[in-house]
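The primary structure of each chain is shown beneath.
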Amino acid sequence: MLNEKNGVAGDGAGGLAALLAPVGLREFFGGHHESAPLHVPGEPERFRDLPQLADVDFLLTATVSDRIRPVDGERLVRSEAGGGLTERRVRTLSSLAVDVQDVYRAYDEGFTLIVNRLHRRHDAVARLCRELQAQLRFPVGANLYLTPARSQGFLPHSDSHDVYILQLHGSKVWHVSPPETELPLRTEQGGPRALPEPDVLTLAPGDVLYLPRGWRHAALTGEASSMHLTVGVEAYTWHDYLTVALDVLAESDVAFRSALPRSYFDGPADPARMDALTTRLTSALADPSVRAQARDRLRSRLSRETLPTGFQRFASLDALPALEPGAKILRDPDITCVVRTVAAETTIEFLGNHVTGPAIVAPALEFIAAETRFAIADLPGPLTDTDRLDLVRRLISEGLLEVDPT
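What counts, and where the lines are drawn
- Residues numbered from 1 in each chain as written.
- Predicted model: local features only at pLDDT ≥ 70, side-chain atom pairs only at ≥ 80, totals over all residues.
- Heavy atoms only, no water.
- Patch = residues over 30% accessible without salt bridge, like charges linked within 9 Å, V, L, I, M, F, W, Y side chains within 5 Å.
- Areas by Shrake-Rupley, 256 points an atom, 1.4 Å probe, with all protein chains shown as cover.
- Salt bridge = Lys/Arg side-chain N within 4 Å of Asp/Glu carboxyl O.
- Buried < 20%, exposed > 50% of the residue type's maximum accessible area, 1.4 Å probe, protein only.
- Core = buried A, V, L, I, M, F, W, Y, C linked by side-chain atoms within 4.5 Å.
- Helix = DSSP H or I, 4+ residues; strand = E, 2+ residues; numbered from the N terminus.
- Contact = heavy atoms within 4.5 Å.
- Pairing = 2+ DSSP bridges.
- Axes fitted to C-alpha atoms, helices over the stretch in contact; angles between N-to-C directions.
- 1 Å grid on protein atoms, 1.4 Å probe; cavity = no way out; pocket = protein on both sides within 12 Å on 5 of 7 lines; lining within 4 Å.
- Points joined across faces, edges and corners; volume = space filled by probe spheres on them.
- Nonpolar A, V, L, I, M, F, W, Y, C, P; charged D, E, K, R; others polar.
- Polar contact = N/O pair within 3.5 Å; in protein donor to acceptor, adjacent residues only side chain to side chain.
- Expected span 1.5 Å × (residues − 1).
- Phe/Tyr/Trp six-rings, centres within 6.5 Å; stacked < 30°, edge-to-face > 60°.
- Lys NZ or Arg CZ within 6 Å of the ring centre and 35° of its normal.

**Q** Sorry if this is basic, but what is going on with a nonpolar patch on the surface here?
**A** Taken together, the side chains of Leu 260, Tyr 264 and Phe 265 make up a nonpolar region of the molecular surface, amounting to roughly 370 Å² of accessible area. The exposed category is assigned to Leu 260, whose relative accessible area is 55%.

Shown next, in the form of structure tokens:
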């Protein structure tokens, strides 16, 4: 069921290829993605740039999360001997700072500490998530789990998203069973689950475990503590695509916006009406325009995923007054950009933000969305140097571009 790989070289230099090396991307997508778990042993120092045990105190006390919403903050969980689960939020002081002494006591009592959305609190984690999001074209986020010795955090469960588990400290024993529902929807609840005839494996520092969504699993520690990073990938599915495509169709065809007949729940539906709607839907899904709009809407959804960037914006903002046409400009390659032109307006969407201008800037915006380093003077289209400078200044001030400091 589980496959340990030590053979072929990885494809590419970073992101997913580096995470799965020595397993190649072709092998991964051909034999494991969405179908089977994969355990990749690694060197103990492999994740030295990611959080280590000594960093956790600092993450709790000196970095900020949205503690008003538990999903964005920290939690404490513990599986009990009788099969129950004890779960609570981390206590906070009047300043909303973590009551770190309370965390220490809970950890000593066997609770697993969960630090959610670590991609918003640690630069190396943010960089990893940006790389994976740019490669996979799906939203990516990361949570940290620190479990004391002889303990178990969650009960056996499954997730409705793919996970890449990166072992950072200590070791952890994982029990993994096939899914009850293959590739469950995001709306399906994931636990608790039984684990019939599980595969058992131990992750050591530097190891990676990939679990497709739906695979049931539980993890527990031995005689020492363990810490891992779970990188979650929320895949866009064909269900998502068809839902968006139906939205596009309904906006243009009133037949899909009309109410169901009053008799709908009392008897069989009107077959002629159903056949007509089915024909219209089939025809629309074959329409290149509808397909393109649905694709662009999903891509826009991805562009709104505001992962922190690695740019140094303040230095670029300071450089704006002296900017000249020959200046070199950078765009983070891991930022998803979408350019739309409707009638007389063109919009570029990125990082939950957007900038709109007249249609004549469309060639320049498309150029920017495709390039990661360029001179301002290289922007195409019927623009003057002043136009180009104004456009680049706006995109720097809005957070998309950076002045190359070299």
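**Q** Just checking my understanding: could you explain the nonpolar core for this structure?
**A** Across soluble globular proteins, nonpolar side chains show a tendency to be buried alongside one another. Counting 55 residues, the largest nonpolar core has Leu 113, Leu 144, Tyr 164, Leu 166, Leu 229 and Val 231 as the members making the most contacts within it. Sort the elements by how many residues they give to this core and helix H5 (residues 123-136) lands first, with six residues. When sequence neighbours within four positions are dropped, the list of residues in contact with Val 231 reads Leu 128, Leu 132, Val 140, Gly 141, Ala 142, Asp 162, Val 163, Tyr 164 and Leu 166. Judged by nonpolar contacts, the second largest core, of 25 residues, contains Ile 329, Val 355, Ala 364 and Leu 379.

**Q** Even after reading the chapter, I still don't get the sheet that holds strand S17 (residues 373-375), so can you show me in this structure?
**A** Strand pairs in the sheet, formed through backbone hydrogen bonds, run parallel or antiparallel to each other. Strand order in the open sheet formed by three strands is S17-S13-S18, with antiparallel pairing between adjacent strands. If you trace the sheet from one side to the other, it starts and ends with S17 and strand S18 (401-403), each paired once. Direction aside, neighbouring strands of the sheet carry axes that sit 35° apart on average. Sheet topology note: the strand S13 (residues 328-331)/S18 ladder contains three bridges and is antiparallel. Within S18, the residue paired with Leu 330 across the bridge is Glu 402.

**Q** Which parts of the structure should I look at to understand the pairing of S13?
**A** Side-chain direction in a regular strand flips from residue to residue, so the side chains alternate between the two faces of the sheet. Where S13 meets S17, three bridges bridge the pair, whose relative direction is antiparallel. Among the inter-strand pairings, Lys 328 is bridged to a residue of S17, identified as Ala 375.

**Q** I would appreciate a short explanation of empty space enclosed by the protein in the present structure.
**A** Think of a ball as big as a water molecule: rolled over the atoms, this probe shows where empty space is left. Counted under the stated rule, the structure contains two cavities of 30 Å³ or more. One number sums up the size of the largest cavity: a volume of about 80 Å³. When contributions to the lining of the largest cavity are tallied by element, the ones reaching two or more residues are H5 and helix H8 (288-303). Among the residues forming the lining of the largest cavity, the class breakdown is four nonpolar, three polar and three charged.

**Q** I would appreciate a short explanation of the environment of Thr 221 in the present structure.
**A** Take Thr 221: it is sitting in the loop between strand S11 (216-220) and strand S12 (226-233). Sequence separation of Thr 221 and Ala 36 is 185 residues, and the distance between their C-alpha atoms is 24 Å. Ignoring any residue separated from it by four or fewer positions in sequence, one finds Thr 221 in contact with Thr 147, Pro 148, Ala 149, Arg 150, Ser 151, Ser 171, Lys 172 and Ser 226. Engagement of the side chain of Thr 221 in a polar contact is seen with the backbone oxygen of Pro 148, the distance being 2.6 Å. Here the side chain of Thr 221 touches Arg 150 through a polar contact of 3.0 Å, landing on its backbone nitrogen.

**Q** Just checking my understanding: could you explain helix H6 (residues 238-252) for this structure?
**A** Residues spaced three or four apart along an α-helix face the same direction, because each turn holds 3.6 residues. Between its first and last C-alpha, H6 extends 21 Å over 15 residues, near the 21 Å set by a 1.5 Å rise per residue. Those residues of H6 that fall on the buried side of the exposure criterion are Asp 240, Tyr 241, Val 244, Ala 245, Val 248, Leu 249 and Ala 250. Against helix H7 (271-285) and H8 lie the buried residues of H6.

**Q** How should the pairing of strand S16 (residues 353-358) be read in this particular structure?
**A** With six bridges joining them, strand S15 (residues 345-350) and S16 adopt antiparallel strand pairing. Considered in S16, the bridge of Phe 350 is made with Asn 353. The turn linking S15 back onto S16 is made up of two residues, and Leu 351 within it adopts a positive phi angle of 50°.

**Q** Teacher, can you tell me more about the packing of aromatic side chains here?
**A** What characterises a pair of aromatic rings is the spacing of the ring centres plus the angle enclosed by the ring planes. Per the stated rule, a full pass over the model turns up eight aromatic pairs. Geometrically, the ring pair formed by Phe 138 and Tyr 236 is edge-to-face, given 5.8 Å between the ring centres and 80° between the ring planes. Taken as a pair, Phe 138 in the loop between H5 and strand S6 (140-147) and Tyr 236 in the loop between S12 and H6 lie far apart in primary sequence, 98 residues in all. Here Tyr 236 falls in the buried class, since its relative accessible area comes to 15%. These aromatic residues form a ring-pair network of at least three members: Phe 28, Phe 29, Tyr 164 and Tyr 210. Above the ring of Phe 111, the side-chain terminus of Arg 88 is found at 5.8 Å from the ring centroid. One residue, Arg 301, lies across the ring of Tyr 236, its end atom 5.6 Å from the ring centre.

**Q** Help me out: how do you make sense of the sheet that holds S11 in this one?
**A** Across the sheet, three strands lie side by side as S9-S8-S11; this open sheet has antiparallel pairing. Edge positions in the sheet fall to strand S9 (199-203) and S11, since each has one partner strand and no second. Each adjacent strand pair in this sheet contributes to an overall mean axis angle of 25°, direction not counted. Where strand S8 (residues 172-177) and S11 come together, five bridges link them in antiparallel fashion. Each bridged residue has a counterpart across the sheet, and for His 175 the counterpart in S11 is Ala 218.

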